[in-house]
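Observations on the model geometry
Listed here are the chains, written in short residue letters.
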Amino acid sequence: MITHTVFFWLKNADSIEDRDKLIAGVRGLAAIEGVRSLVVGVPAKSGDREVLDKSYSVSEILTFDSVEDEAIYQVHPLHKQFIADHSHLWSNVTVYDIEAV
């Protein structure tokens, strides 16, 4: 299994409208064949522990059954359209791909 975790930093970090547009766009990625699950979220109000990074605005966690499914997702027209439609909202993106062992 592959877990694709993405963190977005909005250009306008205080804009609820921009945040909600990005969240709606991320949710649309669940329609891509091969996406087993999708979770979209914002930093949790879980305290102020030193190890917590709450600097991002929106995150997504997608899971795939295989590296091949994740590769198909990367070039899928819906994924490319998501980037074209929403990349103006973020200033930075960090991605972590994790393979289960």
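In this text the structure is predicted, and so the values were computed from the model without any measurement. Each residue is numbered by its place in its chain's sequence as written, counting from 1. Only residues with pLDDT of 70 or above have their local features reported here, since the model is predicted, and side-chain atom pairs are shown and tallied only from 80 upward, although totals for entire chains, interfaces and linings are computed over all residues. To get the side-chain values, take all heavy atoms of the structure and skip hydrogens and water.

Digging into the overall build of the protein chain
How we decide: The helix count covers DSSP runs of H or I at least four residues long, the strand count covers runs of E at least two residues long, and both are numbered beginning at the N terminus. Relative accessibility thresholds used throughout: buried, under 20% of the residue-type maximum; exposed, over 50%; partly exposed, between the two (1.4 Å probe, protein chains only). Residues count as neighbours in contact if any of their non-hydrogen atoms are within 4.5 Å of one another. Surface exposure here means Shrake-Rupley accessible area, sampled with a 1.4 Å probe, where a residue is shielded only by the protein chains that are shown.
Per the secondary structure count, the protein chain includes three helices and four strands. The linear arrangement of helices and strands in the protein chain, starting from the amino end, is β-α-β-β-α-α-β. Dimensions of the protein chain, computed from C-alpha atoms along their principal axes, come out at roughly 35 × 35 × 15 Å. Put simply, the protein chain has 101 residues, and 33% of those count as buried. In the protein chain, once contacts between residues fewer than 6 apart in sequence are set aside, the share between residues at least 24 apart is 72%. When the accessible area of the protein chain is evaluated, it comes to approximately 6400 Å², of which 54% is carbon and sulfur surface.

Things to note about the pattern of salt bridges
For the record, the criterion: Only one rule defines a salt bridge in this text: a Lys or Arg side-chain nitrogen within 4 Å of an Asp or Glu carboxyl oxygen.
Enumeration over the complete set of coordinates arrives at three salt bridges. Measuring nitrogen to oxygen at the nearest pair gives 3.4 Å for the salt bridge that ties Glu 17 to Lys 21. With Glu 17 and Lys 21 both in helix 1 (residues 16–28) and four residues apart, the pair spans about one turn of that helix. In this structure, the salt-bridge partner of Arg 19 is Asp 20, at a minimum N-O distance of 3.0 Å. A relative accessible area of 26% places Arg 19 in the partly exposed class. A relative accessible area of 37% places Asp 20 in the partly exposed class.

Topic: helix 3 (residues 77–86)
Selection rule: The arc in question is the one spanned by the directions pointing from the helix axis to the C-beta atoms.
Of all the positions in helix 3, only His 79, Phe 82 and His 86 are classed as buried. The buried side chains of helix 3 occupy one side of the element, clustering within an arc of 55 degrees when seen end-on. In helix 3, the exposed positions angled more than 90 degrees off the buried face are occupied by Pro 77, Lys 80 and Ala 84. Check the buried side of helix 3 and you find it contacts strand 1 (2–10), helix 1, helix 2 (67–75) and strand 4 (90–99).

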